Amino acid sequence: MSRAPMKKPANEQANELARRLTGETGGEVLFDDASRGRYATDASIYQITPVGVFVPRTERDVATAIDVARSVGTPVLARGGGSSQCGQTTGAALVIDTSKHLRRVLHIDTQAAVAEVEPGIVLDALNAQLKPHGLWFPVDVSTSAQATLGGMAGNNSCGSRSIAYGNMVHNVLGIDAWLADGSEASFGPVERLGERERGIAEMVRQLALAQRDEIEARWPKLLRRVGGYNLDIFQPQSERPYTSDGSVNLAHLLVGSEGTLAFTRRLTLKLAPLPRARVLGVVNFPTFRAAMDAAQHIVRLAPSAVELVDRTMIELSRANPAFRPTIESALVGAPDAILLVEFAGDDPAALQQRLRALVELMGDLRLPDSVVEMTADAPQKALWDVRKAGLNIMMSLKGDGKPVSFIEDCAVPLEHLAEYTAALTEVFRKHGSRGTWYAHASVGTLHVRPILDMRRDGATKMRAIAEEAAELVRKFKGAYSGEHGDGLCRGEWVQWQFGPRLNDAFRAIKRQLDPGNVLNPNRIVDTPNMDDARLFRFPPGYKTIALTPVFDWSPWNVQNDPATETTSPPGSGGDNTAGFAKAVEMCNNNGHCRKFDAGTMCPSFRVTRDEQHLTRGRANTLRLALSGQLGAQALTGDAVRDALDLCVGCKGCRRDCPTGVDMAKMKLEVLAQRRRVRGGSLAETLIARLPDYAHAASAVPWLMNLRDRVPGLAALSEKLLGLSSRRSLPRWRRDTFARLAPRLGLASRDETLNAAKSAVLFVDTFNGTFESGNAVAALRVLQAAGYAVHAAGANTADGQAALCCGRTYLAAGRAEEAKAKARQLIEALLPFAQRGIAIVGLEPSCLLTLRDEMLAMGLGADAALIAEHALLFEEFLVREVRAGRFTPRLKAATQPMRVHGHCHQKAFGAIQPVLEVLRLIPGADVSLIESSCCGMAGSFGYEASHHEISMQMAELSLLPAVRAAPDALIVADGTSCRHQIADGAGREAVHVARVLADHLLNRAS
Ligand SMILES: Cc1cc2nc3c(=O)[nH]c(=O)nc-3n(C[C@H](O)[C@H](O)[C@H](O)COP(=O)(O)OP(=O)(O)OC[C@H]3O[C@@H](n4cnc5c(N)ncnc54)[C@H](O)[C@@H]3O)c2cc1C
Ligand code: SF4
Ligand code: SF4
């Protein structure tokens, strides 16, 4: 294996590189260990630490960086979203990340349906800009929210609808690029090339000419062939011509070259009209083989997609209550596999006819009544979502064995698909594993990942399976690399696929364009072995530093059986961190968290666009720290602190991350570990202990509120405690819920335990102290509906201490005190839970702590019983309304209502109940604000160091939406969300309990 030339000792070289990049460019120069570690991986099994990372601000920065790197002898590795599955973006090089700043659409020609873009723009962002023009870029990769156009071109990416639109190579019209010598070149139609580029074209033409026979004999004749270089541009072998008029386009040589031939500066893209309508026919098959056999016939109906969902995926989806109705609506009986057959176009009537043709075809194939027809958009979208989620569930397998992608996109001609999948299934069985099949049946590319344990015998099995799969690919005249590129896991198979002569021709192309081996060296040609364990993220012998965590991570401390996918009991996985490290390792780097859609994950990345402030970046930092790769004490050190600093604990990742990486809880663990070693600050103590002193402090509100009244005190609090002087603090008041309680008609403990209709109100410190009106409103609503309501421990009236979920202690790393609070709470609430009485809370972050963190404190079955009965106010009402126990009588609404969901409500799927109870109000016009985190997040937004970021998070979507609805009532259940809305938009937001209370007509039954 040849390596990139190292002209100087690595450190000296790296120092010089960093020094010059800092001096000569305006980009971000990231050469610290943690940053390099974060860029050492992609969505593959590999890890190679780069020399350094550079995030250019301008095109000129890139050009300078390439020159500087070349002159000091460091290779250059271009990177977009880093979502490659084969190790394309891992390398001992200067990694240049274009995704942060180089992401403009430069030009859209709507007439010609052409766009020019920078390489760092993400596909979804581009398509959002094209939509108003009725256009889209149709290479619809599953990672459309992460994949950059530069990366898509680099990999010759392919979408679900490639049967209709082709791959990247079919949709790129031109590429402007820097060559390895720093010069600029324009790659496009050969007849319009400049002199230098004409020379390159001529060289390729000559090579192709010399290898004419070999190309004819060896080249897979498939749409889905992405391995090697596109030497066939002069003699196209793809089922679909690279250009519509048969001309030759030199840009196609760069497509799929994985950053090894040139660094893309700009891309010119061919756009397509957005289809006005789509219909879906879901074909149910009694056997997997029948589905595979049918694909070749179905494609003759010219569908825009034919996607497979196999039995395992169907079952996984069925097991999930959220997906069960959708998947079951697509099933006829108990099929072994289904094919999602989509037709797209402008004329709905014509699409209906094609759907009928599908039904007829299935009848001819002796599968009458096997098609479920879906013509409306909503069910179609729901089913596509289920397909995606099924894969995510598969990826969330706990234990060291993981579904590994290395033969997941071999493509075979459709007539052999059934035989190929059957034979490969047999190969898996032989090696003690099995595969779950999904994806693009239309083009003979089915994704499948056997489960392998790379820390043990994974490498040996990987090679054995790869070799046997390769034999099958050869037998069926397929393409070994059919979608995800070559990178490290397929590099060595390029020569196998194309033979030594074509491989030499590829090497000649590389030498001609990059004689100094500057650009992503040793990829596509002269590659390392796929099973070189030195390149693995988890090589054999991988170790973590022993640790006693404060939380219970035992559900992750398991091993799995690759054949049955069952996991061993919690705690049996042999992890010396009791499962914490294994929970962190669940991040497989797929990059799904790099998204900007309606979900929550990840608010800090949405603002900074820094890998460091991304769930993936954080998980990688933790993994490196836990395994000693950042030094022995790194977990409690500054690199980890910095990576977690902007994590607002929103739990967006807990819900949205396909593998369930729960960074919010991981941060709490790290904070506790850090406090053990480093102690805490005065400000942390003040915030953590708020529940302890809130009652006493509220007796003297005039004193407590001085900070916001006396000039200079806010600035002093910023200096002494780090609290932002630009923020007002929550207003103290004497009329707390505890003081009001004796006059509120609360039921006693025994009355509540014995009443026919009862509930326990868990009044948290924030609502109880600062906004007691919310708790009173909730009480009024419940009492109006005839419930006996007890406010457990919310007061001093019955001598009990205020109950607290412990969240403020957790956020300060005071895990033991939080546990003490939790025990107190359990003791007080257990009798109610044992009688099946609901524990109703108002503040999402407090109440949901009972359903989340409290279950991970090792408090046993009692905590679980409390969690079972802990409901948000609106969840409780919805439950009761549905059970017919609560029929509210409410006045009609007088203004529209816009709801901002607290992040934890979203993470626990608890936002719909808010909308549902508001819709009980006659004439209510209720809608949800599509927002991520409000940016306040407990004490985060109050801290001076976070004020700016906090406001930026709010400005992403929440505050503009609030301002855009001047007449609406803004509803927000989170205390901090309400504060942020008041600070940022000058509007009062109200808790849902107050809205309902304000609309109460009179007592209801
Ligand atoms: C869960 C999952 C699903 C996926 N689904 C699909 C799918 O449906 N279809 C599909 O085709 N792929 C898929 N992929 C693979 C991957 O997402 C795509 O290949 C994607 O297009 C890569 O984009 P990126 O921005 O992440 O590129 P990167 O991974 O950052 O880079 C890809 C390659 O392009 C090169 N490159 C990047 N920028 C430049 C530049 N400016 N100049 C020159 N070279 C450059 C890099 O060096 C690298 O070799 C999937 C991956 C995952 C994890
Ligand atoms: S944190 Fe989750 S979503 Fe982000 S890369 Fe890791 S596994 Fe993917
Ligand atoms: S908890 Fe929120 S801020 Fe933290 S990593 Fe997850 S999504 Fe990002």
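In what follows, the structure referred to is the one given above.
No experiment lies behind these values; they were computed from the predicted model shown.

What counts as what
- Just so you know, the residues in each chain are numbered from 1, in the order the chain's sequence is written.
- Following the order in which they are written, the chains are lettered starting with A and the ligands numbered starting with 1.
- pLDDT decides what is reported in this predicted model: residues at 70 or higher carry local features, side-chain atom pairs at 80 or more are listed and counted, and totals for whole chains, interfaces and linings draw on all residues regardless.
- The basis for every side-chain value is the complete set of heavy atoms in the structure, and neither hydrogens nor water enter the calculation.
- Helix and strand definitions here come from DSSP, where helices need a minimum of 4 consecutive H or I residues and strands a minimum of 2 consecutive E residues; each element is numbered from the N-terminal end.
- Our radius of gyration looks at C-alpha atoms and nothing else; its globule reference is 2.2 Å times the residue count to the power 0.38.
- Only protein chains enter the accessibility calculation, which uses a 1.4 Å probe; a residue whose area is less than 20% of its type maximum is buried, one above 50% is exposed, and one in between is partly exposed.
- Only heavy atoms enter the contact rule, under which two residues are in contact if any of them lie within 4.5 Å.
- Residue-level accessible areas treat just the shown protein chains as cover; the underlying method is Shrake-Rupley with a 1.4 Å probe.
- For the charge count, each Lys or Arg is scored as positive and each Asp or Glu as negative, with His and the chain ends excluded.
- Every charge is mapped to an atom, namely NZ of Lys, CZ of Arg, CG of Asp or CD of Glu.
- All axes are obtained by fitting lines to C-alpha atoms, using only the stretch in contact for helices, and the reported angles, taken between N-to-C directions, cover 0 to 180 degrees.
- Note that the term roughly parallel is reserved for angles under 35 degrees, roughly antiparallel for angles over 145, roughly perpendicular for angles of 65 to 115, and oblique for everything else.
- A clockwise turn of the near helix away from the far one marks a right-handed crossing, whereas an anticlockwise turn of less than a right angle marks a left-handed crossing.
- Gly is placed with the polar residues, together with every amino acid not listed as nonpolar (Ala, Val, Leu, Ile, Met, Phe, Trp, Tyr, Cys and Pro) or charged (Asp, Glu, Lys and Arg).
- Neighbouring residues are identified by heavy atoms, a residue being near a molecule or strand if any of them is within 4 Å of it.
- Here a polar contact is taken to be a pair of N or O atoms separated by no more than 3.5 Å, where protein atoms must pair a possible hydrogen donor with a possible acceptor and residues adjacent in sequence count only if both atoms sit in side chains.
- Salt bridge, as used here: a side-chain nitrogen of Lys or Arg that lies within 4 Å of a carboxyl oxygen of Asp or Glu.
- Any two strands with at least two DSSP bridges between them are considered paired.

Student: I'd like to hear about the overall build of the protein chain, residue by residue, with values.
Tutor: The number of helices and strands found in the protein chain is 42 helices and 26 strands. Its C-alpha atoms give the protein chain a radius of gyration of 30 Å, near enough to 30 Å, the size a compact globule of 1005 residues would have. Once the C-alpha set of the protein chain is aligned to its principal axes, its extents read approximately 95 × 70 × 55 Å. With 1005 residues in all, the protein chain has 62% of them scored as buried. Relative to all contacts within the protein chain whose residues are 6 or more apart in sequence, the contacts with residues 24 or more apart total 74%. For the protein chain, the exposed area adds up to about 36400 Å²; of that, 51% sits on carbon and sulfur atoms. Side-chain charges in the protein chain split into 116 positive and 110 negative, and the spacing between the mean points of these groups amounts to 3 Å.

Student: Could you give me a rundown of the packing of helix H20 (residues 615-626) against helix H21 (residues 638-645), with the residues and numbers involved?
Tutor: Orientation of H20 relative to H21, taken along the N-to-C sense of each, is 160°, at an axis distance of 9 Å. With respect to H21, the element H20 is oriented roughly antiparallel. Two packed elements cross with a definite hand, and for H20 against H21 that hand is left-handed. Along its contact with H20, which presents Arg618, Thr621, Leu622 and Ala625, the element H21 presents Ala639, Val640, Ala643 and Leu644. Considering only residue class, the contact of H20 with H21 consists of six nonpolar, one polar and one charged.

Student: Give a detailed account of the side chain of Ser604, specifying residues and quantitative values.
Tutor: Topologically, Ser604 is positioned in helix H19 (residues 603-608). The exposure class assigned to Ser604 is buried, which follows from its relative accessible area of 1%. Look past the residues within four positions of Ser604 in its chain and what remains in contact with it is Arg609, His613, Arg618, Leu646 and Met953.

Student: Run through the site of ligand 1, naming residues and quoting values.
Tutor: In the vicinity of ligand 1 there are 33 residues, among which Ala78, Gly80, Ser83, Ser84 and Cys158 approach most closely. At a separation of 2.9 Å, an oxygen atom of ligand 1 approaches a polar backbone atom of Gly82. At a separation of 2.8 Å, a nitrogen atom of ligand 1 approaches a polar backbone atom of Thr264. In the complex, the protein chains occlude 95% of the 980 Å² of accessible area that ligand 1 would expose alone. Elements with a minimum of two residues in the shell around ligand 1: strand S3 (76-79), helix H5 (149-155) and strand S10 (263-270). Broken down by element, the residue count for the shell around ligand 1 peaks at five residues, all from H5. Taken together, the residues of the shell around ligand 1 break down into 10 nonpolar, 20 polar and three charged.

Student: Lay out the site of ligand 2 with the relevant residues and their values.
Tutor: Close to ligand 2 lie Cys587, Asn588, Asn589, Asn590, Gly591, His592, Cys593, Thr615, Arg616, Cys657, Pro658 and Thr659, which account for all nearby residues. Grouping the constituent residues of the shell around ligand 2 by class yields four nonpolar, seven polar and one charged.

Student: Explain the pattern of salt bridges residue by residue, including any values.
Tutor: When their charged atoms lie close together, side chains carrying opposite charge are able to pair. This model, assessed by the stated rule, comprises 69 salt bridges. In this structure, Glu408 and Arg490 form a salt bridge, with 3.8 Å as the shortest nitrogen-oxygen distance. Within this pair, whereas Glu408 is found in the loop between strand S16 (402-403) and helix H15 (417-430), its partner Arg490 is found in the loop between helix H16 (458-475) and helix H17 (492-513), the two being separated by 82 residues in sequence. Summarising the burial analysis for this pair, Glu408 and Arg490 share the class buried. A salt bridge links Arg654 to Asp852; its shortest N-O distance comes to 3.5 Å. Separated by 198 residues along the polypeptide, Arg654 in helix H22 (residues 652-656) and Asp852 in the loop between helix H34 (844-847) and helix H35 (860-869) bring together distant segments of the chain.

Student: Any details on the environment of Leu850? Residues and values, ideally.
Tutor: Inspection of the secondary structure assignment puts Leu850 in the loop between H34 and H35. In sequence terms Leu850 and Ala864 are 14 residues apart; their C-alpha atoms lie 8.7 Å from each other. Discounting chain neighbours no more than four positions away, the residues touching Leu850 are Phe762, Cys805, Leu825, Ile839, Leu855, Ile866, Ala867 and Ala870.

Student: Please provide a residue-by-residue account of the sheet that holds strand S6 (residues 114-117), values included.
Tutor: Overall, antiparallel pairing links the five strands, which are arranged S5-S6-S10-S8-S9 in an open sheet. For this open sheet the edge positions go to strand S5 (105-109) and strand S9 (184-187), each flanked by a neighbour on one side alone. When strand polarity is set aside, the average angle formed by the axes of neighbouring strands in this sheet is 10°. Looking at chain direction, S6 and S10 are connected through four bridges and run antiparallel. Looking at the pairing, Val114 lines up with Lys270 of S10.

Student: With reference to specific residues and values, describe the pairing of strand S8 (residues 172-178).
Tutor: Most of S8 sits inside the fold, with six of its seven residues counted as buried. One ladder, built from six bridges, connects S8 with S10; its direction is antiparallel. Bridging from a neighbouring strand, Val172 pairs with Leu269 of S10. One ladder, built from four bridges, connects S8 with S9; its direction is antiparallel. Considered in S9, the bridge of Ile175 is made with Phe187. Hairpin geometry of S8 and S9 is characterised by an intervening segment of five residues between the two adjacent antiparallel strands and by a positive phi of about 90° at Gly182.

Student: Summarise the sheet that holds S3; cite the residues concerned and give the values.
Tutor: Strand order in the open sheet formed by four strands is S1-S2-S4-S3, with mixed pairing between adjacent strands. Of all strands in the sheet, those with a lone pairing partner are strand S1 (28-30) and S3, marking the two edges. Direction aside, the axes of adjacent strands within the sheet are offset by 20° on average. Note that S3 and strand S4 (residues 94-97) share four bridges and pair parallel. Within the sheet, the bridge partner assigned to Arg79 lies in S4 and is Asp97. Where helix H3 (residues 59-72) meets the sheet, it contacts strand S2 (52-55), S3 and S4, and its direction lies at approximately 175° from that of S4.

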